[in-house]
Amino acid sequence: MNEKKLSREKTIARVSLISILANVALAAFKAAAGIAASSISIILDAVNNLSDALSSIITIIGIKLAGKKPDKKHPYGHGRIEYISASLISAIILYAGLTALKESIFKIIHPTVPKYSNTTLIVLTAAIFVKIFLGLFVKRAGKKAMSKALEASGDDARNDALLSASVLASALAMKFFALSLEAYVSVLISAFIIKSGIEMLKDTLDDILGARVPRETAIAVKETICKTPGVYGAYDLFLNDYGPNRLQGSVHVEVDDCLTAREIDDLSNQITLEVYKEHRVILTAVGIYSRNTNDSAAMEAKEKVIELLEGHKDVLQMHGFYFDKEKKIIKFDAVISFDSKDREAECASILQEVLAEFPGYSVKVNLDTDMSD
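Rules used throughout
Residues numbered from 1 in each chain as written. Predicted model: local features only at pLDDT ≥ 70, side-chain atom pairs only at ≥ 80, totals over all residues. Heavy atoms only, no water. Phe/Tyr/Trp six-rings, centres within 6.5 Å; stacked < 30°, edge-to-face > 60°. Buried < 20%, exposed > 50% of the residue type's maximum accessible area, 1.4 Å probe, protein only. Lys NZ or Arg CZ within 6 Å of the ring centre and 35° of its normal. Pairing = 2+ DSSP bridges. Helix = DSSP H or I, 4+ residues; strand = E, 2+ residues; numbered from the N terminus. Axes fitted to C-alpha atoms, helices over the stretch in contact; angles between N-to-C directions. Contact = heavy atoms within 4.5 Å. Core = buried A, V, L, I, M, F, W, Y, C linked by side-chain atoms within 4.5 Å. Parallel < 35°, antiparallel > 145°, perpendicular 65-115°, else oblique. Left-handed = near helix turned anticlockwise from the far one by under 90°. Nonpolar A, V, L, I, M, F, W, Y, C, P; charged D, E, K, R; others polar.

Trainee: Now, about the packing of aromatic side chains: what can you tell me, with residues and values included?
Mentor: Summed over all chains, the structure comprises four aromatic pairs. With a centroid separation of 5.8 Å and an interplanar angle of 75°, the aromatic rings of phenylalanine 358 and tyrosine 361 are classed as edge-to-face. Taking the relative accessible area as the measure of exposure, phenylalanine 358 reaches 9% and is therefore buried. Aromatic rings pair up to connect Phe323, Phe358 and Tyr361 into one cluster. If you follow arginine 343 out to its NZ or CZ, it ends over the ring of phenylalanine 338, 4.6 Å from the centre.

Trainee: Break down the sheet that holds strand β6 (residues 362–368) for me, with residues and values.
Mentor: Paired through their backbone hydrogen bonds, the strands of a sheet run either parallel or antiparallel. Pairing in this open sheet of three strands is mixed, and the strands run β4-β5-β6 from one edge to the other. Two strands bound the open sheet, and with one partner strand each, they are β4 (315–324) and β6. Neighbour-to-neighbour, the strand axes of the sheet open up by a mean angle of 15°, direction not taken into account. Set on the sheet, helix α10 (residues 343–357) makes contact with β4, β5 (329–336) and β6; between it and β6 the angle comes to about 155°.

Trainee: Describe the nonpolar core, and please don't skip the residues or the numbers.
Mentor: Core analysis: the largest hydrophobic core is formed by 19 residues, its most contacted members being Phe321, Ile330, Phe332 and Ile350. If you list the elements that add at least two residues to this core, you get α9 (296–309), β4, β5, α10 and β6. Leaving out residues up to four positions away in the same chain, isoleucine 350 has contacts with Leu309, His312, Val315, Phe332, Ile336 and Val365. Of all hydrophobic cores here, the second largest spans 18 residues; its members include Val221, Val251, Leu267 and Val275.

Trainee: Could you give me a rundown of the environment of isoleucine 288, with the residues and numbers involved?
Mentor: The topology assignment puts isoleucine 288 in strand β3 (residues 281–291). The sequence separation of isoleucine 288 and histidine 252 amounts to 36 residues, and the corresponding C-alpha distance is 5.4 Å. Each residue touching isoleucine 288, except ones within four places of it in the same chain, is listed here: His252, Val253, Val255 and Ile264.

Trainee: Quick rundown of the packing of α9 against α10? Include the residues and the values.
Mentor: The geometry of α9 relative to α10 is characterised by a closest axis approach of 10 Å and an angle of 140° between their N-to-C directions. The angle between α9 and α10 places the two elements in the oblique class. The way α9 lies across α10 gives a crossing that is right-handed. Residues Lys304, Leu308 and Leu309 of α9 form the contact with α10, whose own contacting residues are Ile350, Glu353, Val354 and Glu357. Grouping the constituent residues of the contact of α9 with α10 by class yields four nonpolar, no polar and three charged.

Trainee: Describe in detail the packing of helix α7 (residues 215–226) against helix α8 (residues 261–279), supporting the description with residues and values.
Mentor: Where α7 contacts α8, the two axes come as close as 9 Å, and the packing angle between them is 140°. Looking at the two axes, α7 sits oblique to α8. For the pair α7 and α8, the crossing hand works out as right-handed. In this structure, α7 uses Ala220, Val221, Thr224 and Ile225 to contact α8, whose residues at the interface are Ile271, Glu274, Val275, Glu278 and His279.

Trainee: Could you give me a rundown of the environment of phenylalanine 29, with the residues and numbers involved?
Mentor: Take phenylalanine 29: it is sitting in helix α1 (residues 2–37). Residue class for phenylalanine 29 comes out exposed when judged on its relative accessible area of 57%.

What follows is the structure, encoded as structure tokens:
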């Protein structure tokens, strides 16, 4: 794992360095061409390339900080710093879009007549191809390394290619048809960049705030757990994202009520090892639901409770059911959808229905949320 982590960090640093060098070179050529042509749009495009170089520098700093070992204040590591760096890059993209929009509107109100030479057109054309290939390269590397910061930089490079294309198109229109379009085209491209920046910022903020993990991941982890002999169900799976490839969480499993502490301990260790081996997910806790065995009365009671729950459309699942006829105890967890108008009230209603069905029993209904549902 250490070798894999080191390889990922090297990949991100290498790709970011290539991006920095490419963007600085593009910025220099565009700035020279923009000054020579008296074109504010080309100069603005050069400034945008400099912001891309800054984004790559932030990515490198972010991956270095995220790779720090866990410490007393941050026992789960520093992986989420990568999400913070991705949000900073998104903010830079958003700022670049707003700046471009401002300058474009200014040019509409106060138009100027730039003079485009053949050299200027060649520089713009070359810049478009460089940005297209750079964007594809960076985004592909970002997906492979699971770096949202790199993916955001790749998307930004694609946007820059469109921006440069609009500048080139307006330059051609001005040079050959004396038609000034660059300000209007830049407004449209600026709006597109702003939209992309907002979407990227939203995605990274979701990661920072703790959005639920992909449903496919949760289902796959549960399937691995349920393959373990002696496990009759996996519930209450909670996974916390502490950075790329750093999922940690807990789960409850249903097992026979006759298992010993030693057998449960062995089972928990086996589940933890298999889940980590298959999914690189660390289960820090494996809770237990005891399952009634060889008890027909418990089976009948469970069927009655299931029938009651079928009358509640927002109940997604019932698990952890346990029935003790001698002590007159019934307990289970009810997973109620967030679509319910009042989850607590619905849980209370279920409790009253079960109490009415089983008079004299002590009933406990736990309102539960399964993050994979």
